[in-house]
Amino acid sequence: MRHINNPPNPYHKYSAEFLGEPPPTKLEIFEETATRKIITKNNSPDVGFDFSVNCYRGCIHACTYCFARPYHEFLGYGAGTDFETKIVVKTNAPELLREELKRARRTIDSLNFSFTTDPYLPLEASYELTRNCLKVCREFKIPVGIVTKSPLVVRDIDVLRDADVTVYFSIPFLTVEQSKPFEPFAPTPEARFRAMKILAENKISVGIAVAPIIPAYNDAQIPALLEKAKNHGATKAFMSLLRLPTESLRAYFTERLAERLPTKIDKILNALKRERDGKLNSSDFGNRMTGKTEQWQLAVKLFNLHYRRLGFEQEKSEPVKITEQKQTPIQRSLFDFS
Ligand code: SF4
């Protein structure tokens, strides 16, 4: 059972604190008929895509490092358990998408599914909003990038097969034991690898997002993750460093780390600070998702070495626009997260 635990919302004048044990949380679904745009334009120069679609807000997978948590504060909720349990469902997303693409198809080179949520969170099994949006993309012949942690994506093989799409599985850890403290309600790494294989067997382009790299925790796993992904049919890969852009996210991440990995917290936070000039975050474009130390450069070298050794596809064959990093032609930042 989870208990309410939200860092104060920076947009609220007041915040409440429970004295003693806070009450348990419960899942709440808020259906919304979106009236605004469903396609979001990204203006950050170091994020590797321009347009994204999110049919949901909030994410039940509850990754402690999720950079999308602070977006929940714009809705008046908290970045902690609110993000995991108050899920907004944009029930008219496919219709909105069709209308927008009718007007703007020529200005949109590709669409990415994922940014403020996982497009295949469990609710998608019944709402089918991502599925129907993908059908719209197929209709408009628009290239699509998907980042997910969920095997539910396999359900949509029939749609994906005929589309110009790459599905990236976000798999930063090899085992459940390593994943659980950071991704408590996400499908197991093994389940993600299995789904990757099924898509690849169905001739759907798949990749691995080795992201986030949590210094002093999973950086040594880069070769094994790439190798396993390759053996499960992946032809693309990218990685990025852990990014904790807001105070609320840093507070939540640190608190969960203290709770779940008390013997490792100092090592992890100190290693992260070394990458960020003594802070837990860097907000400079171009540096936000990369590190500064030799340790990070080693991680990059490791990634590039095994990327080439295993024969992953080179930059020019990427269907989704990828931001090049100065220090390496191969390391990718499709998303600044997740
Ligand atoms: S990182 Fe992805 S899967 Fe995890 S909580 Fe965030 S949106 Fe969901």
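This text goes with the structure placed above it.
Think of each chain on its own: its residues are numbered from 1, step by step along the sequence as written. Only residues with pLDDT of 70 or above have their local features reported here, since the model is predicted, and side-chain atom pairs are shown and tallied only from 80 upward, although totals for entire chains, interfaces and linings are computed over all residues.

**A word on the environment of Asn-112**
- Helix and strand definitions here come from DSSP, where helices need a minimum of 4 consecutive H or I residues and strands a minimum of 2 consecutive E residues; each element is numbered from the N-terminal end. Within the secondary structure, Asn-112 sits in strand S6 (residues 111-113).
- Of the residues examined, Asn-112 has 27 C-beta atoms within 10 Å and is grouped as buried.
- Separated by 33 residues in the primary sequence, Asn-112 and Ala-79 place their C-alpha atoms 23 Å from one another. Here the C-beta atoms are placed from the backbone, and a residue counts as buried if at least 20 other C-beta atoms lie within 10 Å of its own, exposed if 12 or fewer do, and partly exposed otherwise.

**Some words on the pairing of strand S5 (residues 86-90)**
- Among the 5 residues of S5, 5 are classified as buried, and the element is accordingly described as predominantly covered.
- When DSSP finds at least two bridges between two strands, those strands are taken to pair. Sheet topology note: the strand S1 (residues 28-32)/S5 ladder contains 5 bridges and is parallel. Within S5, the position partnered with Phe-30 by the bridge is Val-88.
- Pairing of strand S4 (residues 56-57) with S5 involves 2 bridges; the strand directions are antiparallel. Counterpart to Tyr-56 in the pairing with S5 is Val-89.

**A word on the sheet that holds strand S10 (residues 236-241)**
- Strand order across the open sheet formed by 7 strands is S2-S3-S6-S7-S8-S9-S10, with mixed pairing between neighbours. Looking at strand neighbours, the two that pair on one side only are strand S2 (39-41) and S10, the edges of this open sheet. Along the sheet, successive strands turn relative to each other by an average axial angle of 25 degrees, direction set aside.
- Pairing geometry for strand S3 (residues 51-53) and S6, over 2 bridges, is parallel. Looking at the pairing, Ser-52 lines up with Asn-112 of S6.
- A pair of residues counts as a contact when their C-beta atoms, built from backbone coordinates, are separated by no more than 7 Å. To get an axis, a line is fitted to the C-alpha atoms, and for a helix only the part in contact is used. The angle between two axes follows their N-to-C directions and goes from 0 to 180 degrees. Helix H8 (residues 222-231) contacts strand S9 (205-213) and S10 of the sheet and is inclined by roughly 165 degrees relative to S9.

**Observations regarding the pairing of S9**
- Within S9, 9 of the 9 residues are buried, leaving the element largely enclosed by the surrounding structure.
- Pairing between strand S8 (residues 165-170) and S9: 5 bridges, direction parallel. Within S9, the residue paired with Phe-169 across the bridge is Ile-208.
- Of the pairings in the sheet, the one linking S9 to S10 comprises 5 bridges and is parallel in character. Residue Val-210 lies in a different strand from S10, and its bridge partner there is Met-239.
- We call a crossover right-handed when, viewed with the strands running away from us, the connection from the first strand over the helix to the second turns clockwise. Taken together, S9, H8 and S10 constitute a β-α-β crossover, and its handedness is right-handed.

**Concerning the sheet that holds S5**
- The strand order across the open sheet formed by 3 strands is S1-S5-S4, and the pairing between neighbours is mixed. Unpaired on one side and paired on the other, S1 and S4 mark the two borders of the sheet.

**Some thoughts on the packing of H8 against helix H11 (residues 294-309)**
- With their axes 9 Å apart at the nearest point, H8 and H11 run at an angle of 25 degrees to one another. Considered as vectors, H8 and H11 are oriented roughly parallel to each other. In the packing of H8 onto H11, the handedness of the crossing is right-handed. The residues of H11 that touch H8, namely those facing Ile-222, Pro-223, Leu-226 and Glu-227, are Ala-299, Leu-302, Phe-303, His-306 and Tyr-307.
- In this count, Pro and Cys sit with the nonpolar residues alongside Ala, Val, Leu, Ile, Met, Phe, Trp and Tyr, while Asp, Glu, Lys and Arg are called charged and the others, Gly among them, polar. Of the residues belonging to the contact of H8 with H11, the class tally is 7 nonpolar, 1 polar and 1 charged. The labels follow the angle: roughly parallel below 35 degrees, roughly antiparallel above 145, roughly perpendicular from 65 to 115, and oblique for the rest. With the far helix as reference, a near helix turned anticlockwise by less than a right angle produces a left-handed crossing, and one turned clockwise produces a right-handed crossing.

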